[in-house]
Amino acid sequence: MNVQVSQVDLIRFALIETWRMKKMALVLFIIVSLSVLTVGWFWPRVYISESTILVDEYNILTPLMEGTAVATGVKDQAKNARQLLTGQYAKERFVEFVALDLVGKSEKDVDRIWSGIKYKSIVENAGKNVIRIKYKSSDPIEAQRFAAFFTDLFIDESIKDKRRESEAAYSFIAGQAEEYRNKLKQSEESLKDFRSENLG
């Protein structure tokens, strides 16, 4: 014999049984709540400090260089930032930044600490020409300190790259101008020689 039971009847039955065994339901609720509270209390806290950087790809010399030379353009900002912030140069700057904390540490210890720092850092694209640098740590001061370190390092290197790019473009333009000046001088001398030879 098949008996059809509706969902409303099932809910009503569950509520009636819960009310009948209310003491047991209350004890179960308290146990679950205290368990969640205990896990939350002892779960290690993680602090994330982050900065968002707008990377300006425009080069002031780009209009001058059209048709002659290509100004360098960075497509994947996060990839380039990640390479910069995890490379040997970044490690050297890191060692300078935390020199007092590394007193008495061996090279192996420094490598281990640097690996941990790199692991806790995150660099990601946050939009067109926008990158986000994050650092996570159980210590809020450390999170803020190293997020600021990586941000400052990226900004400093970006400024240096722009300066190098501008200097290279200026040198190129100066070289081209000197070449055209020499050609013009040669043309003037050739014209002068031609006139002196053909006075009549």
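A short tour of the structure in this document, coming up. Just so it is clear, the structure is predicted and the values come from calculations on it, not from any experiment. (Residues numbered from 1 in each chain as written. Predicted model: local features only at pLDDT ≥ 70, side-chain atom pairs only at ≥ 80, totals over all residues. Heavy atoms only, no water.)

Overview of the packing of aromatic side chains
Item 1. Under the counting rule described, the total for this entry stands at nine aromatic pairs.
Item 2. Pairing Tyr-135 with Phe-146 gives two aromatic rings, centres 5.4 Å apart and planes at 45°, and the pair type is tilted. One end of the pair, Tyr-135, is in strand β3 (residues 130-137); the other, Phe-146, is in helix α7 (residues 140-197), and eleven residues separate them in sequence.
Item 3. With a relative accessible area of 6%, Phe-146 lands in the buried category.
Item 4. Put simply, the rings of Phe-94, Phe-97, Trp-114, Tyr-135, Phe-146, Phe-149 and Phe-150 pair up and form one aromatic cluster. (Phe/Tyr/Trp six-rings, centres within 6.5 Å; stacked < 30°, edge-to-face > 60°. Helix = DSSP H or I, 4+ residues; strand = E, 2+ residues; numbered from the N terminus. Buried < 20%, exposed > 50% of the residue type's maximum accessible area, 1.4 Å probe, protein only.)

Quick word on the nonpolar core
Side chains of a nonpolar character, in soluble globular proteins, are inclined to be buried together.
Item 1. Leu-85, Ile-131, Phe-150 and Phe-154 are the most contacted members of the largest nonpolar core, which has 24 residues in total.
Item 2. Contributing elements (two or more residues each) for this core: α4 (77-86), α5 (88-97), α6 (107-120), β3 and α7.
Item 3. Take this core: its biggest share by element is seven residues, from α7.
Item 4. Setting aside residues no more than four positions away along its own chain, Leu-85 makes contact with Ala-90, Trp-114, Val-123, Ile-133, Phe-150, Leu-153 and Phe-154. (Core = buried A, V, L, I, M, F, W, Y, C linked by side-chain atoms within 4.5 Å. Contact = heavy atoms within 4.5 Å.)

Concerning the side chain of Thr-151
Item 1. Position of Thr-151 relative to the elements: it lies in helix α7.
Item 2. We classify Thr-151 as buried; its relative accessible area is 10%.
Item 3. With residues near it in sequence (within four places) discarded, Thr-151 still touches Ser-51, Ile-53 and Ile-133.

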